[in-house]
Number of protein chains: 2
Amino acid sequence: MDSGLEQIKRVAHLPTRIASEFAKRIYEGSLQPGDKLPTEHMMAKTFGVSRTVVREAIAQLRSEGLVESRQGVGAFVLERPARQIYLDDAKAMDRHDFRSLYQLRIPLEMEAAALAAVHHTTAQMDALSAALSRITDTENWGGSGVEADLDFHRIIAEATGNIYFGQFIGAISDRISHVIVIARTEGQLEDVIAHTIEEHTAIRDAIRTKDPVVARAAMRRHLIGSAQRVGLSIEFYS
Amino acid sequence: MDSGLEQIKRVAHLPTRIASEFAKRIYEGSLQPGDKLPTEHMMAKTFGVSRTVVREAIAQLRSEGLVESRQGVGAFVLERPARQIYLDDAKAMDRHDFRSLYQLRIPLEMEAAALAAVHHTTAQMDALSAALSRITDTENWGGSGVEADLDFHRIIAEATGNIYFGQFIGAISDRISHVIVIARTEGQLEDVIAHTIEEHTAIRDAIRTKDPVVARAAMRRHLIGSAQRVGLSIEFYS
DNA sequence: TATTGTAATGTTGTCTGACAACATGATAGG
DNA sequence: CCTATCATGTTGTCAGACAACATTACAATA
C-alpha cells in the first residue's frame, strides 16, 4: 500500500480535531484556568458539526484533565496540575517495586539535601522546622506522622531551588506513601520513633549549617536507617 | 450543606462510569491488548443507556490511550506503554529548565553507572559496545549520533537491574534529546567529538571492570565534561 | 479451480430533534 | 428585604436516521 495514497484518503476524526484545537488554546494560554469554553451549541455552529461531535470532543478534554463540565452551566478550563511528572499508579506496588523505587530515591534525596543546604530560604527553614514539629508531636504515627515526614522531604526538595527535584521527589513520595503508612501501622516501637525523629532533626540542623557535605551525610544516615527499620537491604554507591 | 445529603443526591456521570468499568477491566487484565470491546450497540443494551453515552465513554478511553476505534470494525484495547513515568512536554524547554533537569540527571546517571557495573549481563555489555560503535561511527553527529548516545545511557540504566532507573533516565532523555540535537548541530568541533567518544569508551570500559566506584567516577567525568562543552555550569555534590 | 466483482450484513461516525435535569437571573408577593 | 416562582439558557441523555467503512458470502468469469 502506497503511503501517499493512504495519507490523501484519511480524514481526521472530528471530535479529536476539535479537542486538539481547545487543548492547543489551553496550552498556549489563550484559555486560562477558570475560563469558560463556548457553549456546545455555539461550538457546533462555529465548527459546522453536530452537537454529538462537540460532546465527544469535550469528553476527550475532560478525560485529559483539561476541563470539567458543570451541568446547566458550561465547561471550564481546569488548573493544570503543577506536577509535571507522573508516575503510573495503576498497579499496586509490591515489595520489590518499593525497594527499587527506594533505591532510586536515595541519590536524589542526598543530592537534594546538599543543594538545600546551599539554597534554602528563611521561610523554607521555618517550614522545615514546622514539619519536624509535626513529626515529633504527632499522636498518629502512621497517619499524619507520615504526611509530616513526606512534607519534610518535599520542603527539602523545594529548597534545592530546582523545580525538578521537587517534582521528582514529590512524585516518588506519592507513590510510596501508602506503603510507608502500612509499615508504620504494623510496627510502632518507641526506639524506632525516637531514631526517626533524631535523624530528621539532624537533617534539619545539618541543612541549617549551610554545609552541603554535612547535609548530604545526614540524609544518607537517615535513608540507611530508614531502610533498615523496614527490613530493606538496599545496595547503593552514593 | 450536609455532606451526607450531597452524597445521596449525586449521581455519577454515565459515560464516566462506563469508561471506568472498561479501564478497570483493562488494568486488571481481563481485557488484553488487541482484544475487541463489545460493539456500541451491545454495550448500550448491556448497560441500559443510549448509544451517545457509550460513544462518550469510548471517547474518554481513547483519550486515555487505552483503546483505539476502527470505523466499521470496533474498538480495540491498545498496548499499554511500557513507560510508567511521564514527563510533561507541553511547554518548550528553555535553558534554565535544561540546566535544572541536567542537574537532577547527574546523581541518577552516576548511581546507574555504579549499579550497572555490578549487575550488567553479557548481552547488555554487547548492546553497550554496539551503541558505542554507533556513536563512534556516525556521520551525523547531531542526528543518529544523539540517538546512539542516549541509547548508550538507557542501556546503562537498564543494566542497573532496577526498572525505575530505566524509566526515569529514559523519561529525562526523551525530554532533553532535542536540546542536545540543537547543541550538536550548532557546534561540531573535532576535539569535542573526540572527547565525547573517549569519555563514553571510558564509561563502557569502567563498567566492564565490574567495579562500581570506578564506573561511577567515569560517568561523573563524562557528565562534567559534557556540561562544560555546552557551556553549562552545574552545581552538584555527588 | 482460482480469481474478481457484487450484494448483504454489521459496525462506527455523524447528524437531527426531543426531553430531562440543572443553573441562573428576573420578577412578584409577603 | 427575603422568599418563591417563572423564564431562559445550558448540559446530560435518549432515539432515530443516514453516511462511511469493513467483512463475508455468493455468483460470474477465465
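Residues numbered from 1 in each chain as written. Chains lettered and ligands numbered in written order. Predicted model: local features only at pLDDT ≥ 70, side-chain atom pairs only at ≥ 80, totals over all residues. Heavy atoms only, no water.

On to helix H5 (residues 95-119) of chain A, then. Residues and elements named next belong to chain A. When the terminal C-alpha atoms of H5 are compared, their 35 Å separation across 25 residues agrees well with the 36 Å that a helix rising 1.5 Å per residue should span. Where H5 bends most, the angle comes to about 30°, and this point is Arg 105, followed within four residues by the proline Pro 107. The buried fraction of H5 is high, at 20 of 25 residues. Sitting at the amino-terminal end of H5 is Asp 94, which places a side-chain oxygen 3.1 Å from the backbone nitrogen of His 96. (Helix = DSSP H or I, 4+ residues; strand = E, 2+ residues; numbered from the N terminus. Expected span 1.5 Å × (residues − 1). Bend = angle between axes of the 7 residues up to and from the residue. Buried < 20%, exposed > 50% of the residue type's maximum accessible area, 1.4 Å probe, protein only. Polar contact = N/O pair within 3.5 Å; in protein donor to acceptor, adjacent residues only side chain to side chain.)

The next subject is the protein's contact with DNA strand C. Taken together, 22 residues lie around DNA strand C, and A:Ser50, A:Val53, A:Gln71, B:Arg51 and B:Arg55 are the ones closest in. Within 4 Å of the protein, atoms of DNA strand C come from sugar and phosphate in 69% of cases. Residue A:Leu14 places a main-chain N or O atom 3.1 Å away from a phosphate oxygen belonging to DNA strand C. At 2.6 Å from a phosphate oxygen of DNA strand C is found a main-chain nitrogen or oxygen belonging to A:Ser50. Sorting the residues of the surface near DNA strand C by element identifies helix H2 (14-28) and helix H4 (51-63) of chain A together with helix H4 (51-63) and strand S1 (67-70) of chain B as the ones contributing at least two each. Looking at the surface near DNA strand C, the element that brings in the most residues is H4(A), giving three residues. (Near = heavy atom within 4 Å.)

For the rest of this paragraph, the subject is the interface of chain A and chain B. Often, the extent of an interface is quoted as the loss of accessible area on bringing the components together. Each side of the interface is counted separately: chain A has 40 residues, and chain B has 40 residues. Carbon and sulfur atoms make up 58% of the surface buried where chain A meets chain B, a total of about 4,000 Å² over both sides. One can count four salt bridges joining chain A with chain B. Between B:Arg62 and A:Glu56 there is a salt bridge, with its nearest N and O atoms 4.0 Å apart. Taken together, the links from chain A to chain B amount to 20 residue pairs in polar contact (both at pLDDT 80 or more). Counting only elements with at least two residues in the side of chain A that touches chain B, the list comes to H4, strand S3 (85-87), H5, helix H8 (163-186) and helix H10 (212-229) of chain A. Per element, the largest residue contribution to the side of chain A that touches chain B is twelve residues, and it comes from H5(A). Taken together, the residues that form the side of chain A that touches chain B break down as 21 nonpolar, nine polar and ten charged. (Contact = heavy atoms within 4.5 Å. Buried area = accessible area lost by both parts, 1.4 Å probe. Salt bridge = Lys/Arg side-chain N within 4 Å of Asp/Glu carboxyl O. Nonpolar A, V, L, I, M, F, W, Y, C, P; charged D, E, K, R; others polar.)

A separate point is the domain arrangement of chain A. Taken as a whole, chain A is organised into domain 1 (14-77) and domain 2 (93-228). Computed over C-alpha atoms only, the centres of domain 1 of chain A and domain 2 of chain A are separated by 41 Å. (Domains from an automatic or database assignment.)

What follows covers the protein's contact with DNA strand D. Taken together, 22 residues are adjacent to DNA strand D, and A:Arg51, A:Gly72, B:Pro15, B:Ser50 and B:Gln71 come closest. Among the atoms of DNA strand D lying within 4 Å of the protein, the sugar-phosphate backbone contributes 73%. A:Gly72 is positioned such that a nitrogen or oxygen atom in its backbone is 3.0 Å from a sugar or linking oxygen of DNA strand D. Those elements that provide at least two residues to the surface near DNA strand D are H4 and strand S1 (67-70) of chain A together with helix H2 (14-28) and H4 of chain B. A total of three residues in the surface near DNA strand D trace back to one element, the largest contributor, which is H4(B). Each residue belonging to the surface near DNA strand D can be placed in one class, and the counts come to six nonpolar, eleven polar and five charged.

A few words on the relation of the copies chain A and chain B. Note on the identical chains: chain A maps onto chain B by a rotation of 180° and an axial translation of 0.1 Å, with an RMSD of 0.2 Å. What the rotation and shift describe, once combined, is the action of a two-fold rotation axis. In this assembly the copies share their binding face: 100% of the residues contributing to the interface of chain A also contribute to that of chain B. (Least-squares fit on C-alpha atoms with pLDDT ≥ 70 in both.)

Next up on the list: unusual backbone geometry. For A:Lys210, which is not a glycine, the phi torsion comes out positive at approximately 70°. Its location among the elements puts A:Lys210 in the loop between helix H9 (190-208) and H10.

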